[in-house]
Each structure stands twice: as structure tokens, then as C-alpha cells.
2 protein chains.
Amino acid sequence: MAGEQSSGTFVRLPGETAVLKNKYGAVVEDIQELGMVPYPSLPGSKRSTNQIEGYQRAEIKIAWPYDNIGADISALMAAVAGNLYELGPMSGIKLLDIEIPDEFMSEYRGPGFGIEGTRKLCQVYDRPIIGTIIKPSVGLTPEETAGQVKILVEAGLDFIKDDELMADPPHSPFTKRVEAIMKVLNDHALKTGRMPMYAFNLSGEIDDMKRRHDLVVKNGGTCVMANINWVGITGLLALSGHSQVPIHGHRNFWGALSRHPLLGMDFVAYQKIFSICGVDQLHTNGIRNKFCESDESVIRSVRACLNPEHGGFRVMPVISSGQWAEQALDTHKAIGNLDLMYLCGGGITAHPGGMDAGVRSIRIAWEEAVRGNSIFDVQDKYSEIRQAIDFYGKNT
Amino acid sequence: MAGEQSSGTFVRLPGETAVLKNKYGAVVEDIQELGMVPYPSLPGSKRSTNQIEGYQRAEIKIAWPYDNIGADISALMAAVAGNLYELGPMSGIKLLDIEIPDEFMSEYRGPGFGIEGTRKLCQVYDRPIIGTIIKPSVGLTPEETAGQVKILVEAGLDFIKDDELMADPPHSPFTKRVEAIMKVLNDHALKTGRMPMYAFNLSGEIDDMKRRHDLVVKNGGTCVMANINWVGITGLLALSGHSQVPIHGHRNFWGALSRHPLLGMDFVAYQKIFSICGVDQLHTNGIRNKFCESDESVIRSVRACLNPEHGGFRVMPVISSGQWAEQALDTHKAIGNLDLMYLCGGGITAHPGGMDAGVRSIRIAWEEAVRGNSIFDVQDKYSEIRQAIDFYGKNT
């Protein structure tokens, strides 16, 4: 790995002197052996001749000279997550973490808003920011979407986002959607003194994203959203350099990068990369989610956002997927920090008492979680909680 | 999958009417069952209750209404390769292909140069374009790199590329590298009437990429290179909209996206995405490569570049990794087309007869391959071939 990702090819080369190798070669700093396994983690791996039986697993730490890369995030990625995934003798390979030196970090601004900036714009300080996603994901006209937004903000939501599938489709052009929604939100802010945050999915080409961003800002909007794996590192850096509002980072495709335990990337590394690109809010999944991710992995991801170690910027973790009031206590127990966005799709909008009861059920659940109470402890006290238990308990 | 990627959440929602679902819901068009397997392809997959024994594999075709997405490549990706990788009941999921309608394709220009444009700039028409990579990958100064380039072009190479690890590091700043190399290439072109193509790795932020591109063009360069997974869709579209020379697409990180047979993405889909982003030349690996990819997969990839079906643009396949003269015949037999770039790193530069003998060995191998001869058939006729067999035969 160290050879391939510094000077390597398959034979020794003219020009690859000992001095050069010494100065620019990557170095294996540590190998923690994790034992032998009988099968390779990936099929088709080429066995080296000295593997008599089974496959050796290990956690390996490789160091690159700073001068190989410089303060350049895309060059960093080519080094730490490039061709090495294709090396035959590796029967599984996952990037767990990247220690990034201060010299590199100081060249990047990181999130322009982060946790504090997001809280300030939402005017929510002492509890998680409670949000939802516009559903159905696809098919509503701008007017229908704005109609939903009106109901949602009147129900007391702090935050609403476009679905990641909605960008600028023919049935809901971005401009019309922004204008229709911001009219509702501006009216709401005038009446209540509080502007709910709406994350408009502006993912697309650079000039389109900038134009869309400017339209959001001009209309008084306070957030934009990007599908970070598709906009990519270069696109995000351009967007964050331009943006006057927080960037909500949606990580769809993340499953493909992470789902195999011994292929791809761990969220700890991923968080660093995209925080350097200037993402302010980053999806982490939630505990007992509707996806395949384990609670342990979710908790590690949330912690990585709140306390990145050895490089990377803090970002606001966005908890979502199959969330309703029920997960508040265990989330709080595991994280011990209210700097979260807690997004419930159906967990609010399908509440049998209506959406405002849905919002109240989440707020109550978090207030009680801080006191150490589960929703089951307090179900006799709050009808919103009782209804939620009756409904979601049967549907999840 | 179809539900999650159109209107879905985990419960039925107000507003999700039958009419809307009918108009905007994704539809499962075909399911080809591939049999039951005893183990899931990915660990941790949640079994559905009706899976009594084992796991059902299937090839599934899903259709989205055009209006859900519009002509928008990043929205397309969010739909076909988004959250669905995280669905618990799926114990493995890989995007095999995307059929893209003409209505969508006509909104994208695709590669500005492609095969024909690349050939014209290289002045090579009747055989593969033969190239190499500057090695050692990292550590050479601009002057040392230019010195290597001089030797390589005098040896008769058509094409040279930066290593993907080289962008704009402190020890070889992009500007100085371009100036030093282009001086050599311009001198060479003046003397010989032929300008070798050099792919400068300009990967980075948008403005830097544009500035670097302009510098290459100003100095007479004819190609730029991008690490396509890190520059990303948005970055590449901005670059290709600006570029006056072909874009050489390096796919480092591809292993992470593809190496598991039942996770991530197949190259057939990948080729379409990046050809739409305007990449002109795309890495495909080569047969008997030093990486883990099978020959069968490499051949399918090369064919996908040359003959994309149901959407996507033709791009020039770039064959590389552990290549030397030996693979020419089998590559030709499998592909039957000379529209290739054939890159040999050590396979040229480490040739015991010198680099010019290395280049000749590749040209001869391809001339003979077209006649149906292997290098072993003709080793008595050419010393360059005999030397190559003696040397690489023992080192690979």
C-alpha cells in the first residue's frame, strides 16, 4: 500500500533513488494484527505465496510526507483512498481515519456556520433542532409543497428539508419552489418573529448551484442542501466558498461506500473530508433507523461530527431515518449532547394527532430524555406521546 | 427500492395520493431471479420474515418517470444510486446499468474530443496510442520530470501522463511543471512535427483547475487529467464546459466502488456517468493487470467505453496497470478494435534495452497482434521483444 501510493509501479525504476524513496516514500508506521480468518473479505483476492492458510487481518497506519501532497484535499484523497483499493493481495481494505496536520487544516476554512451558526439562524439553543422532510419526496407542485410547509411551520418545526431526490425537476422547478416556500416562511417569520430553516436542494452544476443559492438568499432563505457525493469535493468547495448560508450535507450513496465492513470508508474519515469541504450539517442516520446501519455505528458517526480528532471540523450531526419520539432517550444517553438536528419524516407528519401533535411529541420526548425519562415513562402524562406509541409502535 | 427512491418513507403519508403515486412512483419493470444463496452478500442485513431459508438474488430493473428527475445528472444519481444502498432488507446491491433516454442525453454535450479528437491531437490513427506514466510518481522536481519527458518522447511515445498522486505539491508546483515539460514538448514538436500528448493532473478546486487548464493551453499542451471521483460530477461538468483540450479521466478509488461483486457500481453504469460529465479518456485497467480485476471485467469495461448502449457517450478506453508487450495479442483478440490508449509504466521505462526499445516493443507487439501473432511467435525476429520477454517474464 505504501509503495503503490507513493513511488510505486510493478518493477523498480530508473530515477527511484534511495534518497528520493527516503524523502517521498510513504511509511508503514504501525500494524495491529487482528488475527487470521479462513475466507477473504472480498472474493477474487489474489493470495500471496506466503499465506499458507487463511487471511491475515490488520489495522495499518501509513504516513505520507507532507510534501507529497500539500494542502490539497483532492490530492490527499488520491493518496489515502486511491488505487490501493484495487491491490490484489489485499482481500479487504477500508479507510478508517485520516490524521490531518494543522498545516493542512489551516488552508481550509471548513464550515462557514457549523453548529453555532445553524443554531443562531434557527433561534434554537437549548435542545436539538427538530425537523422534517417534505414528503411525498417527488410529485408535489411548488404550490402543494408550500402548502405542506405552511402546515409544518405552523406545527412548530424548526427545520424542513427538500428530499434528496428533489432538485430542479420539470414538475417542481427550483425557482418556483423557492418563491412559493419562502413566501410562506417570510409570512411566518413576520407573524412569529422566527424564521424556520428550509434546506433547498440546489445540487447541480456550479453555475446553477450559485444561481440557486443567490435566489434562496435573495428570498430570505437560511439554508441550502447538497447531495455531497454527487456534487463532489470540488463542487462543494466552490459552493461553500460562495455560500452565505449553512450547507446541509446529504450523504446518499453512503451505503455503497461504507456498507461492507472491510471495503470503502468509515464515517470518521468521511466526516473529515466533507467538513473540510465546508459542509455545515451532515447526515449520520439515527438509532433504530429504517436502514441497515447499526446503532453503534450511528453513535460513532454522531460523535465524529461533534468531536473530530486529529483534523476535520465540527459539523452539526443530522439524525434521521425512521426516527420518532421513541429514540430520543437512547440517543441522548449515547451522545450526551443536544447539538443535533433530529429529523422525523413520517415520525412527525404521520402522527395520528396531526403534525403539531407530532412536533410536540418530539419536543416532549427530548425534554424528558434530558431528565432521564423514556417516552414510556411519561405516556400517561402526554396524549401526544401516548398516540405516538400507539401508532408508531405498531408501524415500525 | 422503487418506493424508497420515489415517494417513500416508512409509513404511508398524507398527500401521497393514488394519482400522485401513479404519476411519480418508480416501477419495477423486471425481476430475473438468480437463485437462493445460504449467506447474505453483506453482513448485518436484516432478514424479512418471509425469507425462511437463505437469500434470494435477482437482477431487477426499475423505471423512473422522466419528470421525477429531468435532464440532471446529479439528480439522476440520487435516484438510481442514493439511499437504496442502505436498505436493510437488501443483503447486497449493485448498480449494473442505467438506460438513459435521448431527451436526457441531448442536454449534455459529453466528451468534447473523445476518440477522434484524441487521435487527431496525437496524430496516431491506425494503432493504439502508446503511453506511459511519469515515475517515480512522487518526488521529482519539475526539471527532473521534464528531463524524463525528454527521454520518453525521444523514445517515440505518443502520450505521457502525470501520476494521479501529482497535482500541485510543494516539490513540483503545477505551473513550474507545465512550463518545464511544455518547453521540452514544444522543442520536440518543432523538430519532429509531432506534439506528444501530455496529461497534466489539474485536479483541485474549480478556479485552480480553470487556471491550470488555461496555463496548459497557453503553453501549447493538448491534454489535462482529472481524478474523476474526487473532482466529482459537478467539478467535471465545470471543467469540461471550459476545456479546450481532452480530459483524461483517472478513476482512482474505483476499487472501493466496484470491488465487491454485490455492492456499489458496475463500470457500465460508471462509464455512462462520467462520459456525460465530458471525460474524453477513461481508465479501464488492462488484462493480466497488477490489480485485482479479472480480465473478463476489464474487457467488458473497454467495450462499454467503445460501445455504450442505451445512453452514454463513447470515450477512449485507457488500458493500464502492469502492461507490457505481452498483453497486446489477447487484448486485441478480446476487443477487436485499435481505438485504445495502451499505457505501460514499468513496461516501457524499465525495458532492459532502454526506453526507446521499450516503446518499440509495444509498437511491434501491436503490429504483430493485428496479424494474429503473439510476442512469443516473433521473439526471434525482434531483440526488443526477446529482451522484454526475458525481463518482464521473470518480474511479473
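Residues numbered from 1 in each chain as written. Chains lettered and ligands numbered in written order. Predicted model: local features only at pLDDT ≥ 70, side-chain atom pairs only at ≥ 80, totals over all residues. Heavy atoms only, no water.

Asker: Got a minute to help me understand the overall build of chain A in this structure?
Answerer: If you tally the helices and strands in chain A, you get 16 helices and twelve strands. Taken against the 2.2 N^0.38 rule, which gives 21 Å for 396 residues, the C-alpha radius of gyration of chain A at 23 Å falls within 12% of a compact globule. Along the longest, intermediate and shortest principal axes, the C-alpha atoms of chain A span 75 × 45 × 35 Å. The buried share among the 396 residues of chain A stands at 65%. Contacts in chain A between residues far apart in sequence, at least 24 positions, make up 71% of those at least 6 positions apart. Roughly 14,600 Å² of accessible area belongs to chain A as shown, and the carbon and sulfur atoms make up 51% of that amount. Charge separation in chain A, taken as the distance between the mean sites of 39 positive and 47 negative side-chain charges, equals 3 Å. (Helix = DSSP H or I, 4+ residues; strand = E, 2+ residues; numbered from the N terminus. Rg over C-alpha atoms; globule rule 2.2 N^0.38 Å. Buried < 20%, exposed > 50% of the residue type's maximum accessible area, 1.4 Å probe, protein only. Contact = heavy atoms within 4.5 Å. Areas by Shrake-Rupley, 256 points an atom, 1.4 Å probe, with all protein chains shown as cover. Lys, Arg positive; Asp, Glu negative; His and termini not counted. Charge placed at Lys NZ, Arg CZ, Asp CG, Glu CD.)

Asker: How should the sheet that holds strand E10 (residues 281-283) of chain B be read in this particular structure?
Answerer: Note: strands within a sheet are paired through backbone hydrogen bonds, in either parallel or antiparallel orientation. All names here are of chain B. Taking strand neighbours around the barrel as the criterion, the eight strands line up as E4-E5-E6-E7-E8-E10-E11-E12 in a closed arrangement whose pairing is parallel. Averaged over all neighbouring strand pairs, the angle between strand axes comes to 25°, with direction disregarded. Taken together, the two bridges between strand E8 (residues 247-250) and E10 define a ladder with parallel strand orientation. Paired with His248 across the two strands is Gln281, which belongs to E10. (Pairing = 2+ DSSP bridges. Axes fitted to C-alpha atoms, helices over the stretch in contact; angles between N-to-C directions.)

Asker: Would you mind showing me how to read the interface of chain A and chain B here?
Answerer: When the parts come together, some accessible area is lost, and that loss is often what is quoted as the size of the interface. Contacts between the two partners involve 98 residues from chain A, matched on the other side by 98 residues from chain B. Note on chain A versus chain B: buried area summed over both sides is about 7,800 Å², and carbon and sulfur give 61% of it. The interface formed by chain A and chain B holds two salt bridges in total. Among the ionic pairs, Glu86 of chain A bridges to Arg251 of chain B, the shortest N-O distance being 3.9 Å. At the surface where chain A touches chain B, the tally comes to 17 residue pairs in polar contact (both at pLDDT 80 or more). Among the elements that line the side of chain A that touches chain B, the one with the most residues is helix H9 (residues 228-242) of chain A, at eight residues. Along the lines of polarity and charge, the residues of the side of chain A that touches chain B split into 45 nonpolar, 38 polar and 15 charged. (Buried area = accessible area lost by both parts, 1.4 Å probe. Salt bridge = Lys/Arg side-chain N within 4 Å of Asp/Glu carboxyl O. Polar contact = N/O pair within 3.5 Å; in protein donor to acceptor, adjacent residues only side chain to side chain. Nonpolar A, V, L, I, M, F, W, Y, C, P; charged D, E, K, R; others polar.)

Asker: So what exactly am I meant to see when it comes to a nonpolar patch on the surface here?
Answerer: All names here are of chain A. A surface patch of nonpolar side chains, amounting to about 250 Å² of accessible area, comprises Val28, Ile31 and Ile60. On the secondary structure map, Ile60 appears in strand E2 (residues 55-63). Relative accessible area serves as the criterion here: at 37%, Ile60 is assigned to the partly exposed category. (Patch = residues over 30% accessible without salt bridge, like charges linked within 9 Å, V, L, I, M, F, W, Y side chains within 5 Å.)

Asker: Looking at this structure, how should I read the domain arrangement of chain A?
Answerer: Residue and element names in this part refer to chain A. Domain parsing of chain A yields domain 1 (18-95) and domain 2 (114-392). Here the C-alpha centroids of domain 1 and domain 2 sit 36 Å apart. Listed as interface residues are ten residues of domain 1 and, on the opposing side, 13 residues of domain 2. Counting each side, the surface lost to burial between domain 1 and domain 2 is near 1,100 Å², with a carbon and sulfur contribution of 72%. By the criterion of area lost to domain 2, the three top residues of domain 1 are Ile73, Lys94 and Leu95, representing 52% of everything that side buries. For the pair domain 1 and domain 2, the number of links is zero salt bridges. Of all elements in the fold, only helix H3 (73-80) and strand E3 (93-95) reach the threshold of two or more residues within the side of domain 1 that touches domain 2. Per-element accounting of the side of domain 1 that touches domain 2 gives the leading share, three residues, to E3. Taken together, the residues that form the side of domain 1 that touches domain 2 break down as six nonpolar, two polar and two charged. (Domains from an automatic or database assignment.)

Asker: Is there a simple way to think about the packing of helix H11 (residues 267-276) of chain A against helix H12 (residues 295-306) of chain A in this case?
Answerer: For any two helices packed against each other, one specifies the inter-axial angle together with the distance between the axes. Residue and element names in this part refer to chain A. Close contact between H11 and H12 brings their axes to 9 Å; oriented N to C, the two are set at 30°. In this structure, the crossing between H11 and H12 has a hand that is right-handed. Seen from H11, the contacting residues are Phe267, Val268 and Gln271; seen from H12, they are Arg300, Ser301, Ala304 and Cys305. The residue inventory of the contact of H11 with H12, partitioned by class, reads four nonpolar, two polar and one charged. (Left-handed = near helix turned anticlockwise from the far one by under 90°.)

Asker: Looking at this structure, how should I read the relation of the copies chain A and chain B?
Answerer: For the pair chain A and chain B, the superposition axis carries a translation of 0.0 Å, the fit reaches an RMSD of 0.0 Å, and the rotation angle comes to 180°. Expressed as an axis order, the relation between the two copies is that of a two-fold axis. When C-alpha positions in chain A are compared against the rotation axis, the closest is assigned to Gly232 of chain A, at 2.2 Å. Comparing interface residues between copies, 100% of those in chain A also lie at the interface in chain B; the contact surface is shared. (Least-squares fit on C-alpha atoms with pLDDT ≥ 70 in both.)

Asker: For this particular structure, what's the right way to read the sheet that holds strand E12 (residues 341-343) of chain A?
Answerer: Residue and element names in this part refer to chain A. Taking strand neighbours around the barrel as the criterion, the eight strands line up as E4-E5-E6-E7-E8-E10-E11-E12 in a closed arrangement whose pairing is parallel. Averaged over neighbouring strand pairs, the angle between their axes works out to 25° when direction is ignored. Where strand E4 (residues 129-133) lies against strand E5 (residues 159-161), three bridges are found, and the strand directions are parallel. If you follow Gly131 over to E5, its bridge partner there is Phe159.

Asker: I keep staring at the side chain of Arg212 of chain B and nothing clicks. Help me out?
Answerer: All names here are of chain B. Here Arg212 shows up in helix H8 (residues 206-218). Of note is the side chain of Arg212, whose polar atom sits 3.2 Å from the side chain of Asp168. Apart from the residues lying within four places of it in its own chain, the contact partners of Arg212 are Asp168, Phe174, Leu202, Ser203 and Gly204.

Asker: Sorry if this is basic, but what is going on with helix H7 (residues 174-192) of chain B here?
Answerer: Since the α-helix packs 3.6 residues into each turn, any two residues three or four apart lie on the same face. All names here are of chain B. Under the 1.5 Å per step criterion, the end-to-end length of H7 is 26 Å for 19 residues, consistent within 8% with the ideal 27 Å. If you check which residues of H7 are buried, you get Phe174, Arg177, Val178, Ala180, Ile181, Met182, Val184, Leu185, His188 and Ala189. If you follow the buried residues of H7, they end up packed against helix H6 (142-154), strand E6 (197-201) and H8. Directly beyond the C-terminal end of H7, a positive phi value near 80° is found at Gly193. (Expected span 1.5 Å × (residues − 1).)

Asker: When you look at helix H5 (residues 114-122) of chain B in this model, what are you seeing that I'm missing?
Answerer: All names here are of chain B. Along H5, the residues classified as buried are Gly114, Ile115, Gly117, Thr118, Arg119 and Cys122. Residues of H5 that are buried make contact with strand E4 (129-133), E6, E10, helix H12 (295-306), strand E11 (316-319) and strand E12 (341-343). Phi for Gln123, located one or two positions after H5, is positive at around 55°.

Asker: Teacher, can you tell me more about unusual backbone geometry here?
Answerer: The linkage connecting Lys135 of chain A with the following residue, Pro136 of chain A, adopts the cis geometry, with an omega of 0°. In this structure, Pro136 of chain A sits in the loop between E4 and helix H6 (142-154). The phi dihedral of Phe253 of chain A is positive, around 95°, even though this residue is not glycine. Following the sequence through the fold, Phe253 of chain A ends up in the loop between strand E8 (247-250) and helix H10 (254-258). Given the relative accessible area of 4%, Phe253 of chain A is considered buried. For His310 of chain B, which is not glycine, the phi torsion reads 60° and is therefore positive. When you line up the elements, His310 of chain B lands in the loop between H12 and E11.

Asker: Sorry, what's going on with the pairing of E4 of chain A here?
Answerer: Residue and element names in this part refer to chain A. Burial runs high along E4: five of the five residues are buried. Going residue by residue along E4, you find Ile129, Gly131 and Ile133 tucked away on one face and Ile130 and Thr132 tucked away on the opposite face as well. The pairing of E4 with E12 spans three bridges and is parallel. Paired with Ile129 across the strands is Met341, a residue of E12. Between the parallel pair E4 and E5, the chain is carried across by H6, and the sense of this crossover is right-handed. (Right-handed = clockwise from strand over helix to strand, strands pointing away.)

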